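# Notes for the structure review
Chain by chain, the residues:
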Amino acid sequence: MRLGFIGTGTITAHMVRGLKASALAEWPIVLSSRNEAVAAELALLPRVTVAASNQAVVDACDLLILAVRPQVAEAVIRPLAIPPTRPVVSLIAGLHIATLADWTGAQDICRAIPLPFVERHQGVTPVFPPQPAAMQIFAALGTALPVHDLAAYDAYAAGSALMGSYFGLLEKACAWMVAQGLSEADAARYLRGLFGSLGDVLREKPAALAQLREDHSTKGGLNEMIFQRFVQGGGGAAMEAALTAAFNRVQGWA
Ligand SMILES: NC(=O)c1ccc[n+]([C@@H]2O[C@H](COP(=O)([O-])OP(=O)(O)OC[C@H]3O[C@@H](n4cnc5c(N)ncnc54)[C@H](OP(=O)(O)O)[C@@H]3O)[C@@H](O)[C@H]2O)c1
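This text gives an overview of the structure that appears in the document.

## Some remarks on the overall build of the protein chain
Each helix and strand in the protein chain was counted, giving 12 helices and eight strands. In terms of principal-axis extent, the alpha carbons of the protein chain reach across some 65 × 35 × 30 Å. A total of 254 residues make up the protein chain; the buried ones form 28% of that total. For the protein chain, long-range pairs separated by at least 24 residues make up 52% of all intrachain contacts whose partners lie at least 6 apart in sequence.

## Things to note about the site of the ligand
Not every one of the 25 residues close to the ligand is listed here, only the nearest: Gly-7, Gly-9, Arg-34, Asn-35 and Ala-93. The residue makeup of the shell around the ligand, split by class, is 15 nonpolar, eight polar and two charged.

## Some points on the pairing of strand S7 (residues 123-128)
Most of S7 is tucked away: five of the six residues are buried. Bridging between strand S6 (residues 109-112) and S7 involves two bridges; their strand directions are antiparallel. The residue of S7 that forms the bridge with Ala-112 is Val-127. Relative to strand S8 (residues 142-146), S7 is paired through five bridges, and the arrangement is parallel. The residue of S8 that forms the bridge with Gly-123 is Gly-142. Considered for its hand, the β-α-β crossover made up of S7, helix H6 (residues 132-140) and S8 is right-handed.

## Describing the packing of helix H7 (residues 150-160) against helix H12 (residues 235-252)
Between H7 and H12, the shortest axis-to-axis distance is 8 Å and the interhelical angle comes to 125°. One finds that H7 runs oblique with respect to H12. Note that H7 runs across H12; the crossing there is right-handed. Together, Asp-154, Ala-155, Ala-157 and Ala-158 of H7 and Leu-243, Ala-246, Phe-247, Val-250 and Gln-251 of H12 make up the contact between the two elements.

## Some remarks on helix H8 (residues 163-179)
When the terminal C-alpha atoms of H8 are compared, their 25 Å separation across 17 residues agrees well with the 24 Å that a helix rising 1.5 Å per residue should span. Little of H8 is tucked away: one of the 17 residues are buried.

## Quick word on the nonpolar core
Phe-5, Ile-29, Leu-31, Leu-64, Leu-66, Val-88 and Val-127 are the most contacted members of the largest nonpolar core, which has 50 residues in total. The dominant element in this core, judged by the number of residues it contributes, is helix H1 (residues 10-20), at four residues. Dropping the residues within four chain positions of it, Leu-64 is found in contact with Gly-4, Ile-6, Val-58, Ile-82, Arg-86 and Val-88.

## Focus: the sheet that holds strand S4 (residues 63-66)
An order of S3-S2-S1-S4-S5-S6-S7-S8 is seen for the eight strands of this open sheet, with the pairing classed as mixed. At either end of the open sheet lies a strand with only one pairing partner, and these are strand S3 (48-50) and S8. Between one strand axis and the next, the sheet turns by 25° as a mean value, whatever way the strands run. In this structure, strand S2 (residues 29-31) lies alongside S3, joined through three bridges in parallel fashion. By the bridge assignment, Val-30 is partnered in S3 with Thr-49.

## Focus: helix H11 (residues 222-232)
The buried count for H11 comes to zero of 11 residues, which makes it a mostly uncovered element. Just downstream of H11 lies Gly-234, where phi reads positive at about 95°.

## Examining unusual backbone geometry
Each neighbour pair has its own omega, and for Arg-34 with Asn-35 the value is 0°, a cis peptide bond. With respect to the element layout, Asn-35 can be found in the loop between S2 and helix H2 (36-42). The step from Phe-128 to Pro-129 runs through a cis peptide bond, and the omega angle for that step is -15°. For Pro-129, the location among the structural elements is in the loop between S7 and H6. For Arg-47, which is not glycine, the phi dihedral falls at a positive 60°. Note on placement: Arg-47 falls in the loop between H2 and S3. Positive phi values are uncommon outside glycine, yet His-121 reaches one of about 60°. For His-121, the position within the fold is in the loop between S6 and S7. Its 16 C-beta neighbours within 10 Å are what place His-121 among the partly exposed residues.

Calculation rules
- Residues numbered from 1 in each chain as written.
- Predicted model: local features only at pLDDT ≥ 70, side-chain atom pairs only at ≥ 80, totals over all residues.
- Helix = DSSP H or I, 4+ residues; strand = E, 2+ residues; numbered from the N terminus.
- Buried ≥ 20, exposed ≤ 12 C-beta atoms within 10 Å, placed from the backbone.
- Contact = placed C-beta atoms within 7 Å.
- Near = placed C-beta within 6 Å.
- Nonpolar A, V, L, I, M, F, W, Y, C, P; charged D, E, K, R; others polar.
- Pairing = 2+ DSSP bridges.
- Right-handed = clockwise from strand over helix to strand, strands pointing away.
- Axes fitted to C-alpha atoms, helices over the stretch in contact; angles between N-to-C directions.
- Parallel < 35°, antiparallel > 145°, perpendicular 65-115°, else oblique.
- Left-handed = near helix turned anticlockwise from the far one by under 90°.
- Expected span 1.5 Å × (residues − 1).
- Core = buried A, V, L, I, M, F, W, Y, C linked by C-beta atoms within 7 Å.

Take a look at the structure:
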């Protein structure tokens, strides 16, 4: 299957590198020319080419992947002539299928939320609805999660936006440790090791999250105390409010 990407930026680069190291490595890929530097670098990979125009990407592919930013989506996508039966996978946050269908006339549209980890085949990618070719692609890049309704998909989208907060939490903890006299390098090394190991636990142990918290919190100990203080101080409520805001934002977009 020939894959066409419109929008050759961060997420396209991760997907293309991941695909070229996957079971689907033989599938030809055609890229749009923007971003020029990213496209030129990816074109060094086998069976990856750069098309002369966005329409040329559409014309050269069997499955079209849309990966431009939401702000430019309409201006980029509306002018394209897409055959109605051509499968389209949109990665564009918040852009509804009905809107895309209205812009393009395409009838086989699905949405997906790949994250940078697809490059290492460790992506867990929600696909809504679970269009077979998209499921095959994201299964090759890790795990493809079939999603059957919009609210569930938008809940995944809100959850996917926690990446910045994860690092932000570590940033805050690191700054606090530095304020106690540690060097930034020592504090960061400690936190990287600690949270890297916790990431391994998450991946490897299927226990419920509350169970993992308890397993890592001695009764009456410091871990238990910090989590209680965090919740009492409004940390849990702030997280819920932020997720709700992200959910409302993706639901409210066109
Ligand atoms: N990054 C992620 O982890 C992630 C995850 C899931 C979904 N997404 C979604 O994927 C989309 C792309 O995100 P991104 O992070 O990859 O953004 P990005 O790095 O900014 O990539 C967007 C690309 O679109 C190109 N572009 C702009 N105008 C264009 C045009 N007229 N024709 C063709 N290409 C054009 C840009 O080129 P120039 O640089 O030349 O402007 C850029 O290469 C967004 O809608 C985002 O919501 C991203």
